[in-house]
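Topology and contacts: notes
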Amino acid sequence: MNIPNIPNYVKGWLTDTEAQFLYTRAKACPPETVIVEIGSWKGKSTICLSQGSAAGENVPIYAVDPHQEDSYQEFEHNVSSAGVRELVTPMVQTSADACEGWNQPIGLLFIDGN
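Residues numbered from 1 in each chain as written. Predicted model: local features only at pLDDT ≥ 70, side-chain atom pairs only at ≥ 80, totals over all residues. Heavy atoms only, no water.

**A short note on the overall build of the chain**
Using the following cut-off: Strands are runs of DSSP state E lasting at least 2 residues, helices are runs of H or I lasting at least 4, and numbering of each runs from the N terminus. Restricting the calculation to C-alpha atoms gives the radius of gyration, and the globule rule supplies 2.2 Å times the number of residues raised to the power 0.38. The buried label applies to any residue whose accessible area, calculated with a 1.4 Å probe on protein chains only, is under 20% of its type's maximum; exposed applies above 50%, and partly exposed to all values in between. Any two residues whose heavy atoms approach within 4.5 Å are treated as being in contact. Note on areas: Shrake-Rupley with a 1.4 Å probe; residue coverage comes only from the protein chains shown.
Counting its secondary structure elements, the chain contains four helices and four strands. Starting at the N terminus and walking to the C terminus, you meet the elements of the chain as α-β-α-β-α-β-α-β. Taken over C-alpha atoms, the radius of gyration comes to 13 Å for the chain, in line with the 13 Å a tight globule of 114 residues would show. The principal-axis extents of the C-alpha atoms in the chain amount to approximately 35 × 35 × 25 Å. Evaluated residue by residue, the chain yields a buried proportion of 45% over its 114 residues. Of the contacts made within the chain by residues no fewer than 6 positions apart, 80% connect residues no fewer than 24 positions apart. Surface accessibility of the chain: about 6,400 Å² in total, with carbon and sulfur atoms responsible for 50%.

**Here's the deal with the sheet that holds strand β3 (residues 88-91)**
Here is the rule we go by: By definition, two strands form a pair when at least two bridges between them are found by DSSP. The axes used here are C-alpha line fits, helices contributing only the stretch in contact, and every angle between their N-to-C directions lies in the interval 0 to 180 degrees.
As summarised here, the arrangement of the four strands in space is β3-β2-β1-β4, forming an open sheet in which the pairing is parallel. Two strands in the sheet have a free side with no partner beyond their single neighbour: β3 and β4 (106-111). Between one strand axis and the next, the sheet turns by 15° as a mean value, whatever way the strands run. Where strand β1 (residues 34-38) lies against strand β2 (residues 61-64), four bridges are found, and the strand directions are parallel. Residue pairing for β2: Ile35 is matched across the bridge by Ile61.

**Some words on the pattern of salt bridges**
Selection rule: Within this document, salt bridges are pairs made up of a side-chain nitrogen of Lys or Arg and a carboxyl oxygen of Asp or Glu, the two lying within 4 Å of each other.
Under the defined criterion, the tally for this structure stands at two salt bridges. Across the pair Arg85 and Glu76 runs a salt bridge whose closest N-O atoms are separated by 2.8 Å.

**Some words on the packing of aromatic side chains**
Short version of the rule: Ring pairs shown here join Phe, Tyr and Trp side chains whose ring centres sit within 6.5 Å, with only the six-membered ring taken for Trp; geometry is labelled stacked below 30 degrees between planes, edge-to-face above 60, and tilted in between.
Applying the stated criterion across every chain yields a total of three aromatic pairs. Here Tyr72 and Phe75 contribute two aromatic rings whose centre-to-centre distance is 6.3 Å and whose plane-to-plane angle is 25°, an arrangement assigned as stacked. Of this pair, Tyr72 and Phe75 are both found in helix α3 (residues 71-81), three residues apart, which corresponds to roughly one turn of the helix. With relative accessibility at 27%, the residue Tyr72 sits in the partly exposed group. On the basis of relative accessible area, Phe75 is assigned to the buried category, the value being 0%.

**Observations regarding the nonpolar core**
The criterion, for reference: Throughout, nonpolar core names a set of buried Ala, Val, Leu, Ile, Met, Phe, Trp, Tyr and Cys residues whose side chains join them through atoms within 4.5 Å.
Among the nonpolar cores identified, the biggest contains 22 residues, and Ile35, Ile47 and Leu49 are the most heavily contacted of them. Counting residues per element, the ones that place at least two in this core are α1 (16-27), α2 (44-55), β2, α3 and β4. Counting residues in each nonpolar core, the second largest holds seven residues, with Ile38, Tyr62, Met91 and Ala98 among its members.

**Here's the deal with the side chain of Lys42**
Under the convention used in this document: Polar contacts, as used here, are pairs of N or O atoms within 3.5 Å; protein pairs need one atom able to donate a hydrogen and one able to accept it. Residues neighboring in sequence count only if both atoms are side-chain atoms.
When you line up the elements, Lys42 lands in the loop between β1 and α2. Separated by 2.5 Å, the side chains of Lys42 and Glu74 make a polar contact. Filtering out sequence-adjacent residues up to four positions away, Lys42 remains in contact with Val10, Lys11, Ser71, Glu74, Phe75 and Asn78.

**Quick notes on the pairing of β3**
Put simply, the rule is: Looking down the strands as they point away from you, a crossover is right-handed if its path from the first strand over the helix to the second goes clockwise.
Pairing of β2 with β3 involves four bridges; the strand directions are parallel. Considered in β3, the bridge of Val64 is made with Met91. With α3 bridging β2 and the parallel β3, this β-α-β connection has right-handed handedness.

Shown next as structure tokens:
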């Protein structure tokens, strides 16, 4: 069983069990779909999803978060440092705004936001 490789400095409340679950589900995500994460904050779960996707079908990840203060800069740094930035499309907006006009099939939806 592969375990996500999350840098220790990435803040978040994700447990090892949850990280493994996200990795496994993203790895199994069908091609021609996308992964949508509502609430990406500092990128810990985004990294798990991206590493799982990279081990599977390289399904793109859309990370939706309105980001406040310095969270976007930290998010970008963490995702880039983990080597998964090419799979991630940040959407710096609310989920309500992100869904307007959405037309891509979602293979995995992870909601971890308000």
